[in-house]
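Single-letter residue listing:
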Amino acid sequence: MRFLIVEDDIAARVVLTKYLERLGECVVAEDGVEGFEAFVEAWEGGKRFDVVFLDIMMPRMDGQETLRKIREFERSRGVDPFTSTKVLMTTALNDPQNVIQAFHEGGAQGYLVKPIRKERLYAELVSLGIPVD
């Protein structure tokens, strides 16, 4: 498994990495610009990510824009929505509008509210068909 964690908050990055590193390789980016660059680099290097975690609120490029760019990149490579990279949005906001936008416009598969709880994270991964045992 390969995970991309795109998160500007260091504590959230550390927590996600701690929970995920036993399941596979974790690559970390501090904002959407770095995250999109890491996504493209991994794709072009033949080492696609299985799941991308995107914080909604970030400097330079927020999670919504990063998700749009990821989906545009995938479409330009002929990837259909059923085989696109799994994306989980993360947010500290109790903001249903942002979550709805990520699902309907961006094709996110789920979301996690911060602080991230291990049980909820693993439940989301299992719902995506990713084993956590």
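Coordinates for the structure precede this section.
Residues numbered from 1 in each chain as written. Predicted model: local features only at pLDDT ≥ 70, side-chain atom pairs only at ≥ 80, totals over all residues. Heavy atoms only, no water.

**Some points on the pairing of strand 4 (residues 86–91)**
Side-chain direction in a regular strand flips from residue to residue, so the side chains alternate between the two faces of the sheet.
Next, step 1: Most of strand 4 sits inside the fold, with five of its six residues counted as buried.
Next, step 2: Pairing geometry for strand 3 (residues 51–55) and strand 4, over five bridges, is parallel. Bridge pairing links leucine 54 to methionine 89 in strand 4.
Next, step 3: For the crossover from strand 3 across helix 3 (residues 63–76) to strand 4, the handedness is right-handed.
Next, step 4: Looking at chain direction, strand 4 and strand 5 (residues 110–113) are connected through four bridges and run parallel. Residue pairing in the sheet places threonine 91 in a bridge with valine 113 of strand 5. (Buried < 20%, exposed > 50% of the residue type's maximum accessible area, 1.4 Å probe, protein only. Helix = DSSP H or I, 4+ residues; strand = E, 2+ residues; numbered from the N terminus. Pairing = 2+ DSSP bridges. Right-handed = clockwise from strand over helix to strand, strands pointing away.)

**Focus on the packing of helix 1 (residues 10–20) against helix 5 (residues 118–127)**
Next, step 1: Remark: helix 1 packs on helix 5, axes separated minimally by 11 Å, with the N-to-C direction vectors making an angle of 60 degrees. Between helix 1 and helix 5, the crossing angle belongs to the class labelled oblique. Considering only the axes of helix 1 and helix 5, their crossing is right-handed. Between helix 1 and helix 5, the contacting residues are Leu16, Tyr19 and Leu20 on the first element and Lys118, Leu121, Tyr122 and Leu125 on the second.
Next, step 2: Here the residues of the contact of helix 1 with helix 5 are counted per class, giving six nonpolar, no polar and one charged. (Axes fitted to C-alpha atoms, helices over the stretch in contact; angles between N-to-C directions. Parallel < 35°, antiparallel > 145°, perpendicular 65-115°, else oblique. Left-handed = near helix turned anticlockwise from the far one by under 90°. Contact = heavy atoms within 4.5 Å. Nonpolar A, V, L, I, M, F, W, Y, C, P; charged D, E, K, R; others polar.)

Structural measurements only, silent on function.
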